[in-house]
Amino acid sequence: MKFAVIVFPGSNCDVDMYHAIKDELGEEAVYVRYDEQNLANYDAILLPGGFSYGDYLRSGAIARFAPIMPEVIKAAEAGKPVLGVCNGFQILLEAGLLPGAMKRNKNLKFMCRPVTLRVQNNETMFTSAYEIGEEITVPIAHGEGNYYCDEDTLAQLKKDNRIAFSYADNPNGSVEDIAGIVNEEGNVLGMMPHPERAVDELLGSADGLKLFKSILRNWRESHVTHA
């Protein structure tokens, strides 16, 4: 399986994402610059964390217009897995691939520490290796991770079981303790915590590796060739 790690000006978690795929998952990962315009040869698209374009205007607001983004949207529409982590989640929101918006953390401070997440939906291509209700340890590192959506959107997310992860102890004020959501089709996941930083016990947790294993398992099952 071949993963594209999109690199925007200001990305700083792209190396972590590359390491998670290549060294821990054992699959192919390729850095793809923000100004490239072809993702046809990749099976999954990863938008890493960081401070794209310095977070000017709003986090992800400028990156949303990068030349690579029409290809990211095309990949999502084709059903390929698209994962946005932290700043990547913010970019997916700005691009309209996921609903809602990000506000400053409720304490108005940047926070960087491990948190406990609960798996709310293990029937997506990103979460199938987890148990429903499983508690996992994954680090956060953000100043604008306070997820917001209106009441109608929240009701729809809950009705469609699109909340993938929630915080056990909400660190940032996100509505309904939301840490990660998927799109209607279930192939786009945005989450503020960093699973790529929790792929080896040496890092303090290997709980994030199951997310990448889920993507790989889903891809293999959908590409199996029957004799």
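What you see is a predicted model; the values in this text were computed from it and never measured. (Residues numbered from 1 in each chain as written. Predicted model: local features only at pLDDT ≥ 70, side-chain atom pairs only at ≥ 80, totals over all residues. Heavy atoms only, no water.)

A. Summary view of the UniProt feature "active site" (unreviewed entry) in the protein. Per the UniProt annotation, the sites labelled "active site" (unreviewed entry) are Cys86, His194 and Glu196. Despite a sequence span of 111 residues, these residues sit close together in the fold, their greatest C-alpha distance being 11.0 Å. The annotated residues that sit in the lining of the largest pocket are Cys86 and His194. Summarising the element assignment, cysteine 86 is placed in the loop between strand S4 (82-85) and helix H3 (87-94). Using a relative accessible area of 5% as the deciding quantity, one classes cysteine 86 as buried. When neighbours within four sequence positions are excluded, cysteine 86 is seen to be in contact with Gly49, Ala141, His142, Met191, Met192 and His194. Assignment of secondary structure puts glutamate 196 in the loop between strand S11 (188-191) and helix H5 (209-222). Given the relative accessible area of 1%, glutamate 196 is considered buried. Look past the residues within four positions of glutamate 196 in its chain and what remains in contact with it is Cys13, Asp16, Met17, Ala20, Val85 and Phe212. A distance of 2.6 Å separates a polar atom in the side chain of glutamate 196 from a polar atom in the side chain of histidine 194. (UniProt positions renumbered as here; feature names shortened; annotations may be inferred. 1 Å grid on protein atoms, 1.4 Å probe; cavity = no way out; pocket = protein on both sides within 12 Å on 5 of 7 lines; lining within 4 Å. Helix = DSSP H or I, 4+ residues; strand = E, 2+ residues; numbered from the N terminus. Buried < 20%, exposed > 50% of the residue type's maximum accessible area, 1.4 Å probe, protein only. Contact = heavy atoms within 4.5 Å. Polar contact = N/O pair within 3.5 Å; in protein donor to acceptor, adjacent residues only side chain to side chain.)

B. Summary view of the pattern of salt bridges. According to the stated counting rule, one finds 8 salt bridges in the structure shown. When the shortest N-O distance is used, the salt bridge between aspartate 35 and arginine 33 registers 2.7 Å. Judged by its relative accessible area of 32%, aspartate 35 is partly exposed. Arginine 33 sits in the partly exposed class, given a relative accessible area of 45%. Glutamate 135 is paired through a salt bridge with arginine 118; the nearest N and O atoms lie 2.9 Å apart. (Salt bridge = Lys/Arg side-chain N within 4 Å of Asp/Glu carboxyl O.)

C. Structural context of the packing of aromatic side chains. All told, the structure shown has 4 aromatic pairs when counted by the stated rule. Aromatic pair tyrosine 18 and tyrosine 31: ring centres 4.6 Å apart, planes at 20°, arrangement stacked. A residue pair is termed long-range when its members are at least 10 positions apart, and tyrosine 18 in helix H1 (residues 14-25) and tyrosine 31 in strand S2 (residues 28-33) qualify at 13 residues. A relative accessible area of 22% means that tyrosine 18 is categorised as partly exposed. When the centroid spacing of 6.0 Å and the interplanar angle of 90° are considered together, the rings of tyrosine 130 and phenylalanine 165 count as edge-to-face. Placement of the pair is tyrosine 130 in the loop between strand S6 (111-119) and strand S7 (135-142) and phenylalanine 165 in strand S9 (residues 163-167), with a sequence separation of 35 residues. (Phe/Tyr/Trp six-rings, centres within 6.5 Å; stacked < 30°, edge-to-face > 60°.)

D. Quick look at helix H4 (residues 151-159). By the N-cap criterion, in which a side-chain oxygen at the helix start approaches the backbone nitrogen of a residue two or three places on, H4 is capped by aspartate 150, the distance to aspartate 152 being 3.3 Å. Two residues or fewer after H4 comes asparagine 161, characterised by a positive phi angle close to 55°.

E. Region of interest: the pairing of strand S1 (residues 2-7). Extensive coverage of S1 is indicated by the burial of 5 of its 6 residues. Judged from the 6 bridges that link them, S1 and S2 form a sheet pairing that is parallel. Residue pairing for S2: valine 7 is matched across the bridge by arginine 33. Summarising the sheet, S1 and strand S3 (residues 44-47) pair through 3 bridges and their orientation is parallel. Note that in S3 the partner of alanine 4 across the bridge is isoleucine 45. (Pairing = 2+ DSSP bridges.)

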